Amino acid sequence: MEKKKKIWIKTAAVLLAAVLGWIVYQRQGVPMIEQGSLREIIYVRDYRQGYEDMVDVTERIDGEKLAELLETYQRRRSGPSITSVWLGDVQIDMFIRTIDGFYEVILGNENHVSDGKNQYEIFDSDILLQEVLALIDG
């Protein structure tokens with residue numbers, strides 16, 4: 001009986017360590033986009049004046065500086081399936097193409113990057129938003 005109890009305790013400890021390890025792994029950041037992978041900025045839209053007064057700022061923004069910014073920020077390793085976004089929560093909406101595929105970056109009250117299947121939380125998204133706004137407002 002004592003031997004079974006020890007085996008059970010060891011098994012529970014191993015399972016707990018595995019679950020905690022998985023949680024830590026999933027919460028670690030990965031680059032939003034890999035360095036050198038940006039191929040095209042399809043659009044950058046500014047919604048600060050509201051949905052009706054959206055401004056396409058794609059031509060105004062320095063693509064190389066934007067790519068450098070996006071390469072320095074990280075996102076969560078995993079995320080939920082894509083959900084709809086209320087545009088009242090969006091200040092900046094970017095759609096980009098990388099060597100890995102297409103990504104949409106939403107910044108404002110709602111902050112995430114999505115790959116068409118999942119959306120991922122962006123670390124330090126408030127700072128990223130301010131830096132993107134500085135690029136736009138020049």
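Our subject in this report is the structure included herewith.

Each value, and the rule that gives it
Residues numbered from 1 in each chain as written. Predicted model: local features only at pLDDT ≥ 70, side-chain atom pairs only at ≥ 80, totals over all residues. Heavy atoms only, no water. Helix = DSSP H or I, 4+ residues; strand = E, 2+ residues; numbered from the N terminus. Buried < 20%, exposed > 50% of the residue type's maximum accessible area, 1.4 Å probe, protein only. Polar contact = N/O pair within 3.5 Å; in protein donor to acceptor, adjacent residues only side chain to side chain. Core = buried A, V, L, I, M, F, W, Y, C linked by side-chain atoms within 4.5 Å. Pairing = 2+ DSSP bridges. Phe/Tyr/Trp six-rings, centres within 6.5 Å; stacked < 30°, edge-to-face > 60°. Lys NZ or Arg CZ within 6 Å of the ring centre and 35° of its normal. Axes fitted to C-alpha atoms, helices over the stretch in contact; angles between N-to-C directions. Parallel < 35°, antiparallel > 145°, perpendicular 65-115°, else oblique. Contact = heavy atoms within 4.5 Å. Nonpolar A, V, L, I, M, F, W, Y, C, P; charged D, E, K, R; others polar.

**Overview of the environment of Gln119**
Move 1: By secondary structure assignment, the location of Gln119 is in strand β8 (residues 119–121).
Move 2: What makes Gln119 buried here is its relative accessible area of 9%.
Move 3: One polar contact links Gln119 to His112, side chain to side chain, over a distance of 3.5 Å.

**Examining the nonpolar core**
Move 1: Counting residues in each nonpolar core, the largest one holds 27 residues, and the members touching the most others are Val44, Leu66, Ile92, Met94, Leu107, Leu128 and Val132.
Move 2: Listing elements by their share of this core, those giving two or more residues are β2 (38–46), α2 (63–72), β5 (90–98), β6 (101–108) and α3 (125–137).
Move 3: It is α3 that contributes the most residues to this core, six residues altogether.

**Structural notes on the pairing of β2**
Move 1: Two elements, β2 and β5, share seven bridges in a ladder whose sense is antiparallel. For Val44, the partnering residue across the bridge sits in β5 and is Met94.
Move 2: Here β2 runs beside strand β3 (residues 55–56); their pairing, made up of two bridges, is antiparallel. In the sheet register, Arg45 faces β3, and the bridge partner there is Asp56.

**Looking at the packing of aromatic side chains**
Move 1: Per the counting criterion, the structure on display carries two aromatic pairs.
Move 2: With centroids separated by 5.8 Å and ring planes inclined at 10°, the aromatic side chains of Phe95 and Phe102 adopt a geometry described as stacked.
Move 3: Overall, Phe102 belongs to the partly exposed group, its relative accessible area being 43%.
Move 4: By the ring-pair criterion, three or more aromatic residues cluster together here, those being Tyr43, Phe95 and Phe102.
Move 5: Against the face of Tyr43 rests Arg45, its NZ or CZ located 3.7 Å from the ring centre.
Move 6: In this arrangement the basic side chain of Arg75 is found over the ring face of Tyr120, its NZ or CZ atom lying 4.0 Å from the centre.

**Regarding the packing of α2 against α3**
Move 1: Contact geometry of α2 with α3 gives a least axis separation of 11 Å together with a crossing angle of 175°. The orientation of α2 with respect to α3, classified from their angle, is roughly antiparallel. In this structure, α2 uses Lys65, Leu66, Leu69 and Leu70 to contact α3, whose residues at the interface are Leu128, Glu131, Val132 and Leu135.
Move 2: Looking at the contact of α2 with α3 residue by residue, the classes come out as six nonpolar, no polar and two charged.

**What to know about the pairing of β6**
The side chains of a regular strand alternate between the sheet's two faces.
Move 1: Relative to β6, β5 is paired through eight bridges, and the arrangement is antiparallel. By the bridge assignment, Arg97 is partnered in β6 with Phe102.
Move 2: In the sheet, β6 pairs with strand β7 (residues 112–114) via three bridges, with the strands oriented antiparallel. Residue pairing in the sheet places Ile106 in a bridge with His112 of β7.
Move 3: Connecting the antiparallel pair β6 and β7 is a turn made up of three residues.

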